[in-house]
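Chain by chain, the residues:
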Amino acid sequence: MSAPGTSLVAIEVEAFKAFAEHAVLRVCALPPGLHQVRGVNQANPRLGSNGAGKSSFFADAPTWVLYGKTIKGRQTAAVRCWRGGSNPAGSLTMVVDGKEHVV
């Protein structure tokens, strides 16, 4: 995903699929290495971390921010938070050749 001189700083979403509230992950704050990601399915706890929004956050949100649709081709109306609320929003913060950019 990263070209030379490019790095991902943060992923942010709000009212996006499983995320009703503002959620942000500052990737640049993580130490180098492999990280395990787990989730808590608050809507249906018996599912454990299944359906907690991990793929929505790490795959669908960045793709939607960059291309206007998710990996499966869903556009804005289909990614609105499942629990209602405002319009979905998201951003990616990246550093390209030493300059920070927000998409």
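Fair warning: this is a prediction, and the values are worked out from it, not measured in the lab.

> Could you give me a rundown of the layout of surface pockets, with the residues and numbers involved?
A volume near 730 Å³ is recorded for the largest pocket. For the largest pocket, the lining is made up of 31 residues, of which F19, A52, G53, K54 and F57 are closest to its centre. Looking at the lining of the largest pocket, the elements with two or more residues in it are β2 (23-26) and α1 (54-67). Across the lining of the largest pocket, the residue classes tally to 17 nonpolar, 9 polar and 5 charged.

> Account for the nonpolar core, naming residues and giving values.
Counting 12 residues, the largest nonpolar core consists of I11, V13, F16, F19, A23, F57, A61, W64, V65, V79, L92 and M94. It is α1 that provides the largest number of residues to this core, a total of 4 residues. Not counting the four nearest positions on each side in its chain, A23 is found in contact with I11, E12, V13 and F57.

> Explain the sheet that holds strand β1 (residues 6-14) residue by residue, including any values.
Reading across the sheet, the 4 strands line up as β2-β1-β3-β4 and stay open at both edges, with antiparallel pairing between neighbours. Strand pairing shows two members of the sheet lacking a second neighbour, β2 and β4 (99-102), which therefore form its edges. Averaged over neighbouring strand pairs, the angle between their axes works out to 15° when direction is ignored. Sheet topology note: the β1/β2 ladder contains 4 bridges and is antiparallel. Bridge pairing in β2 places V13 opposite A23.

> Just give me the short version of α1, but keep the residues and values in it.
In this model α1 runs 19 Å from its N-terminal to its C-terminal C-alpha over 14 residues, within 8% of the 20 Å that 1.5 Å per residue would give. Where α1 bends most, the angle comes to about 40°, and this point is D60, followed within four residues by the proline P62. Of the positions making up α1, those classed as buried are S56, F57, D60, A61, P62, W64 and V65. Its buried side turned inward, α1 meets β1, β2, α2 (76-79) and β3 (89-96). Once α1 finishes, G68 follows within two positions and takes phi at roughly 85°, a positive value.

> Can you explain the packing of aromatic side chains? Please cite residues and give values.
Overall, the coordinates contain 3 aromatic pairs when judged by the stated rule. Taken together, a centroid distance of 5.2 Å and an interplanar angle of 40° make the contact between F16 and W64 tilted. Here the residue F16 occupies a position in the loop between β1 and β2, and W64 occupies one in helix α1, the gap between them amounting to 48 residues. This pair shows no difference in class: F16 is buried, exactly as W64 is. With 5.5 Å between their ring centres and 50° between their planes, F19 and F57 make a pair best called tilted. With a gap of 38 residues between them, F19 in the loop between β1 and β2 and F57 in helix α1 connect regions that are remote in the sequence. Each of the two residues, F19 as well as F57, counts as buried. One aromatic cluster is present, built from ring pairs that chain together F19, F57 and F58.

Basis of the calculations
- Residues numbered from 1 in each chain as written.
- Predicted model: local features only at pLDDT ≥ 70, side-chain atom pairs only at ≥ 80, totals over all residues.
- Heavy atoms only, no water.
- 1 Å grid on protein atoms, 1.4 Å probe; cavity = no way out; pocket = protein on both sides within 12 Å on 5 of 7 lines; lining within 4 Å.
- Points joined across faces, edges and corners; volume = space filled by probe spheres on them.
- Helix = DSSP H or I, 4+ residues; strand = E, 2+ residues; numbered from the N terminus.
- Nonpolar A, V, L, I, M, F, W, Y, C, P; charged D, E, K, R; others polar.
- Core = buried A, V, L, I, M, F, W, Y, C linked by side-chain atoms within 4.5 Å.
- Buried < 20%, exposed > 50% of the residue type's maximum accessible area, 1.4 Å probe, protein only.
- Contact = heavy atoms within 4.5 Å.
- Pairing = 2+ DSSP bridges.
- Axes fitted to C-alpha atoms, helices over the stretch in contact; angles between N-to-C directions.
- Expected span 1.5 Å × (residues − 1).
- Bend = angle between axes of the 7 residues up to and from the residue.
- Phe/Tyr/Trp six-rings, centres within 6.5 Å; stacked < 30°, edge-to-face > 60°.

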